[in-house]
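# Secondary and tertiary structure notes
So the chains spell out like this:
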Amino acid sequence: MDCVGEELESGPHVPSALGCDPSSVWKIDADTVHGNVEARSVTGVDFNDSGRYKHGHIPGAYFSTRARLRAALANFPDTTPLVFTSPDGLLAGLAAADIASDRKVFVLDGGTQAWVDAGHALAGGATNMADALDDGWLSPRHRGTNRDDAL
């Protein structure tokens, strides 16, 4: 079914965030972030969901959610600039715009995927948790103990 006067698009859906001006945040490339992470001259903050954060994140990066970012700021060292990342960098850009007037913050250009594409290793585990792990729902079989009760 064709829409009159409309052209159809194909390919993967690429969401856009209304009201987010990508030029309003400072971007930094993966190799520069890597050098700064090794020198411990930046603090990484990952806005991936907690399950994916546990499977792989930039070494030393904190886990946080955008919704509670202002409260989580107290958990980050205030002596280093922040580098925000998310899988593709979009959510990190939104979070950076939220606090850009309060802290020096950069966004990893291309997100965590750019880090991986540059050949840098990810760390695993639930380390550096600056926020509660309540951003996802676990099915009863993944909750651990008392699965029969959960079912």
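Residues numbered from 1 in each chain as written. Predicted model: local features only at pLDDT ≥ 70, side-chain atom pairs only at ≥ 80, totals over all residues. Heavy atoms only, no water.

### A few points about the packing of aromatic side chains
Filter applied, for reference: Stacked, edge-to-face and tilted labels apply to pairs of Phe, Tyr and Trp rings (six-membered ring for Trp) whose centres lie within 6.5 Å, assigned for plane angles under 30 degrees, over 60, and everything in between, in that order. Where helices and strands are cited, they refer to DSSP runs of H or I of at least four residues and of E of at least two residues respectively, numbered from the N terminus. The rule is simple: take the accessible area with a 1.4 Å probe, protein chains only, and divide by the maximum for that residue type; under 20% is buried, over 50% is exposed, in between is partly exposed.
Summed over all chains, the structure comprises four aromatic pairs. Centroid distance Phe-47 to Phe-84: 4.9 Å. Interplanar angle 70 degrees. Geometry classified as edge-to-face. Highlighted residues: Phe-47 in the loop between strand S2 (43–46) and helix H2 (50–55) and Phe-84 in strand S4 (residues 82–85), separated in sequence by 37 residues. For Phe-84, a relative accessible area of 0% translates into the label buried. Considering the side-chain rings of Tyr-62 and Phe-76, the 5.1 Å spacing of their centres and the 70 degrees angle between planes classify their relative orientation as edge-to-face. Of the two residues, Tyr-62 is situated in strand S3 (residues 62–63) and Phe-76 in the loop between helix H3 (69–72) and S4; the sequence distance between them amounts to 14 residues. Its relative accessible area of 18% is what places Tyr-62 among the buried residues.

### Some thoughts on unusual backbone geometry
The residue Arg-40 is not glycine, and still its phi comes out positive at about 55 degrees. Mapped onto the elements of the fold, Arg-40 is located in the loop between helix H1 (30–39) and S2. A positive phi angle, near 50 degrees, is found at Asn-128, a position not held by glycine. On the secondary structure map, Asn-128 appears in the loop between helix H5 (111–117) and helix H6 (147–150).

### Here's the deal with the pattern of salt bridges
Put simply, the rule is: In what follows, salt bridge is the name for a side-chain nitrogen of Lys or Arg lying within 4 Å of a carboxyl oxygen of Asp or Glu.
The tally for this structure, following the rule as stated, stands at four salt bridges. The residue Asp-49 makes a salt bridge to Arg-52 at a minimum N-O spacing of 2.9 Å. Residue Arg-68 pairs with Asp-131 through a salt bridge whose shortest N-O separation is 2.8 Å. Taken together, the positions of Arg-68 in the loop between S3 and H3 and Asp-131 in the loop between H5 and H6 put the pair 63 residues apart, joining distant regions of the chain. Judged by its relative accessible area of 12%, Asp-131 falls in the buried class.

### Notes on the pairing of strand S5 (residues 105–108)
Applied cut-off: At least two bridges found by DSSP between two strands are what make those strands a pair. Here is how to tell: hold the view so the strands point away, follow the path from the first strand over the helix to the second, and if it runs clockwise the crossover is right-handed.
By the alternation rule, side chains of S5 split into Val-105 and Val-107 and Phe-106 and Leu-108, which are all buried. Bridge count for strand S1 (residues 26–28) against S5 is three bridges, and the pairing is parallel. Bridge assignment links Ile-28 to a residue of S5, and that residue is Leu-108. Across three bridges, the pairing between S4 and S5 is parallel. For Phe-84, the partnering residue across the bridge sits in S5 and is Val-107. Assessed by its sense of winding, the connection that carries the chain from S4 through helix H4 (residues 90–99) to S5 is right-handed.

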